[in-house]
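Structural description and commentary
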Amino acid sequence: MEKAAVNEDGLVIPLIDFSKFLEGDEALKLETAKAILHGFQTAGFIYLKNIPIQPDFREHVFNTSAKFFKLPKEKKLEVGWTTPEANRGYSAPGREKVTQLTDPAEIEKIRSAAPDIKESYEIGREDEPGHPNPWPVEQDELVGFKSTMNNFFDQCKALHIEVMRAIAVGMGIDANYFDSFVDVGDNILRLLHYPAVKSEVFKINPGQVRAGEHTDYGSITLLFQDSRGGLQVKSPNGQFIDATPIENTVVVNAGDLLARWSNDTIKSTVHRVVEPPKQEDVHPPRYSIAYFCNPNHKSFIEAIPGTYAAESEKKYEGINSGKYLVQRLAATY
């Protein structure tokens, strides 16, 4: 395996060539799958390179995302985010506050003191009854926006399925064990823009971040980031460590539902987005794209076979995926 992407303060995030799982012989597939599983079990994060989504298309998606965020605010608000059940549309800076807190009053308190400096646009699958995507009007630079994002959504969905297959192989269970849990594509593609910000903003308010510390809710998250930096992952010793961008890779982290599903043999690790490490008076805009992968909303999630020896060793009761995700999401808006 390649050199670790991150190796500091007890946090080791591996860099893994995913083509070895997709295209290798059985021995190489197994070796790669075990490395992926080990990364999720120890760090909760991995970096993957040589994924099927081609770099030039990823660049096109980033450029298309930037064009959306350049629209006037009133145009973006025309496709505004509505409900946790739908979880689609635009959220202006300060609306969402990602956090580990669950009490609405406490969340509002920290939202008022240090709102997240970001705006986002969420896209779900096109065929979910009752929850259409609110697409912006396609004119001028936005022509082709919908087809680009739907294409990217589908490619990320396919990658999600393959990563879950790798996890299954690493666990020693049937490679297709998770397929029926993730085949619908109840996932969310989130375009993110962190506007340019003066460095003094972070000095005046030490609690200010671009996105507060949190874990993700679903199975895994595919994070595509630009070169600006700012993502940090919490180490086993409680320190936040830079997850430095590496060109042509995707950062993949396990979510809370996968941790629960694995009976806590896989970690869902706290992370955040802070002031970029480069010292400058004004930090340029940062763009990233997160594809939040979830089990099908109808799926019943309980401990995976092999993660417990007796029923008494199951740490959690079974739970409906969709209900769990809506409850978690509702607390952040």
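What this report covers is the structure whose coordinates are included nearby. Quantities reported herein were computed from a predicted structural model and do not represent experimental measurements.

Definitions and limits used
Residue numbering note: each chain is counted from 1, following its sequence as written. Totals for whole chains, interfaces and linings use all residues, but because this is a predicted model, local features are given only for residues with pLDDT of at least 70 and pairs of side-chain atoms are given and counted only at 80 or more. Side-chain metrics in this entry use all non-hydrogen atoms of the structure; hydrogen atoms and water are not considered. Two strands pair under a simple rule: DSSP has to find at least two bridges between them. The helix and strand labels rest on DSSP assignments: H or I over at least four residues marks a helix, E over at least two residues marks a strand, and numbering proceeds from the N terminus. With a 1.4 Å probe rolled over the protein chains alone, any residue whose accessible area is under 20% of its type maximum counts as buried; one over 50% counts as exposed, and the rest are partly exposed. Contact between two residues is taken to exist if any of their heavy atoms lie within 4.5 Å; hydrogens are not considered. In this analysis, the protein atoms alone were mapped onto a 1 Å grid. Cavities are point sets where a 1.4 Å probe fits without being able to get out; pockets are open sets with protein on both sides within 12 Å along at least five of seven lines; lining residues have an atom within 4 Å of a point. Grid points are joined across faces, edges and corners, and a volume is the space filled by probe spheres set on the points. Gly counts as polar in this scheme, as do all residues outside two lists: the nonpolar Ala, Val, Leu, Ile, Met, Phe, Trp, Tyr, Cys and Pro, and the charged Asp, Glu, Lys and Arg.

It is a general feature of regular strands that their side chains alternate between the two faces of the sheet. The sheet contact formed by strand β11 (residues 231-234) and strand β14 (residues 271-273) spans three bridges and is antiparallel. Following the sheet pairing, Val-233 is matched in β14 by His-271. Sheet topology places β11 next to strand β12 (residues 240-242); three bridges connect them, and they run antiparallel. If you follow Lys-234 over to β12, its bridge partner there is Phe-240. Connecting the antiparallel pair β11 and β12 is a turn made up of five residues, with Gly-238 showing a positive phi of about 90°.

Attention now moves to the side chain of Thr-307. As for its position among the elements, Thr-307 is in the loop between β17 (300-301) and β18 (319-320). Residue classification places Thr-307 among the buried residues on the basis of a relative accessible area of 14%. Filtering out sequence-adjacent residues up to four positions away, Thr-307 remains in contact with Met-171, Trp-261, Ser-262, Asn-263 and Thr-265.

Bringing the layout of surface pockets into the picture now. Taken as a whole, the largest pocket holds about 650 Å³ of empty space. Together, 46 residues line the largest pocket, and Arg-190, Asp-216, Tyr-217, Phe-292 and Leu-329 are the ones closest to its centre. When residues of the lining of the largest pocket are traced back to their parent elements, those giving at least two are β7 (188-194), β9 (211-214), β10 (220-225), β14, β16 (286-293) and α10 (321-330). Sorting elements by how many residues they give to the lining of the largest pocket places β16 first, with five residues. Looking at the lining of the largest pocket residue by residue, the class counts come to 19 nonpolar, 16 polar and eleven charged. Forming the boundary of the second largest pocket are 19 residues, of which Gln-225, Asp-226, Ser-227, Glu-247 and Asn-248 lie nearest the centre. Every element with two or more residues in the lining of the second largest pocket is listed here: α3 (55-69), β10 and β13 (249-254). For the lining of the second largest pocket, the element with the highest residue contribution is α3, accounting for four residues. Grouping the constituent residues of the lining of the second largest pocket by class yields ten nonpolar, four polar and five charged.

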